[in-house]
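# Commentary on secondary and tertiary structure
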Amino acid sequence: MDERTSEERRLVDEARAGDVGAFEGLYRAHVERIHGLCLRMLGDWQLAEDLTQEIFLKVWERLPTFRGESRFTTWLHRLAVNEVIGELRRRGRWRERFTAPGDLPEPEDTPLPEPGGGVDLERAVAALPPVARLVFLLYDVEGYRHREIAEIAGMAEGTSKANLHRARNLLRKALHR
């Protein structure tokens, strides 16, 4: 166990015992990554901010149920992904079809790309169907393996692989326009 892992384990144990300072340490260590995940999945800064706060409230409430059978970060990301998926379902966006980046309305404060300049990667990722986007972000950005993604998202490992393949193909098409 490396030093960072043992420090995190100490913080988790102390936070589980009710130490607010230890929980603050966990929050500071993970809030940016969780917010980034929420922002990439939801595409809305304020909603990502709100959901990040809700996620950490749930982490505090559920920390006593963390058994330590997996890494804390795996447990935290699973909780976060489940909350994002829940939010997408509440908004009816979980099973949306793919919209080509050129078909998306332009935000008023975002300049249009120069002709022949291609499509912005972030916009192309944001245009992916939610399940494909989730798998792409967890696999290629966050570094999870398909087994972990399947566990986090409640899908078969093969479904995770198929969605990653789909996401990469859609991104290739969008970025080579």
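Everything numeric in this text was worked out from a predicted model, so none of it was measured.

### Overview of the nonpolar core
- One finds C38, I55, V59, L63, F72, F136 and L138 to be the most contacted residues of the largest nonpolar core, which totals 50 residues.
- Going through the elements one at a time, α1 (3-16), α2 (20-42), α3 (45-62), α4 (72-90), α5 (121-126), α6 (130-141), α7 (146-153) and α8 (157-175) are the ones with two or more residues in this core.

### Re the packing of aromatic side chains
- Evaluation of the coordinates by the stated rule reveals five aromatic pairs.
- Each ring, one from F66 and one from W75, has its centre 5.2 Å from the other, and the planes form 50°; the classification is tilted.
- Of the residues examined, F66 reaches a relative accessible area of 2% and is grouped as buried.
- Aromatic pair F72 and W75: ring centres 5.8 Å apart, planes at 35°, arrangement tilted. Residue F72 and its partner W75 are both found in helix α4; the two are separated by three residues, about one turn of the helix. This pair shows no difference in class: F72 is buried, exactly as W75 is.
- Within the aromatic cluster, the residues linked to one another by ring pairs are F66, F72 and W75.

### Brief notes about the confidence of the model for the chain
- Put simply, the chain has an average pLDDT of 82, and 82% of its residues get 70 or more.
- Of the regions scoring below 50 in pLDDT, residues 96-116 engages in 21 contacts with residues more than four places distant in sequence or in other chains.

### Thoughts on the packing of α3 against α4
- Running from N to C, α3 and α4 point in directions that differ by 130°, and their axes come no closer than 10 Å. Viewed along their axes, α3 and α4 adopt a mutual orientation that is oblique. Here α3 runs over α4; the crossing is right-handed. Contact residues: L47, L51, I55, F56, K58, V59 and R62 in α3; F72, W75, L76, L79, A80, E83, V84 and E87 in α4.

### Regarding α8
- In a regular helix each residue adds 1.5 Å, so 19 residues correspond to 27 Å; α8 covers 27 Å between its end C-alpha atoms and thus fits that length.
- Restricting attention to buried positions, one finds in α8 the residues S160, N163, L164, A167, L170, L171 and A174. Along α8, the residues classed as buried sweep out an arc of 135° about the axis, all on the same side. Exposed positions of α8 whose direction lies more than 90 degrees from the buried face are H165 and K173.
- Tucked inside the fold, the buried residues of α8 contact α5, α6 and α7.

Rules used in this analysis
Residues numbered from 1 in each chain as written. Predicted model: local features only at pLDDT ≥ 70, side-chain atom pairs only at ≥ 80, totals over all residues. Heavy atoms only, no water. Core = buried A, V, L, I, M, F, W, Y, C linked by side-chain atoms within 4.5 Å. Buried < 20%, exposed > 50% of the residue type's maximum accessible area, 1.4 Å probe, protein only. Helix = DSSP H or I, 4+ residues; strand = E, 2+ residues; numbered from the N terminus. Phe/Tyr/Trp six-rings, centres within 6.5 Å; stacked < 30°, edge-to-face > 60°. pLDDT = per-residue confidence, 0-100. Contact = heavy atoms within 4.5 Å. Axes fitted to C-alpha atoms, helices over the stretch in contact; angles between N-to-C directions. Parallel < 35°, antiparallel > 145°, perpendicular 65-115°, else oblique. Left-handed = near helix turned anticlockwise from the far one by under 90°. Expected span 1.5 Å × (residues − 1). Arc of directions from axis to C-beta.

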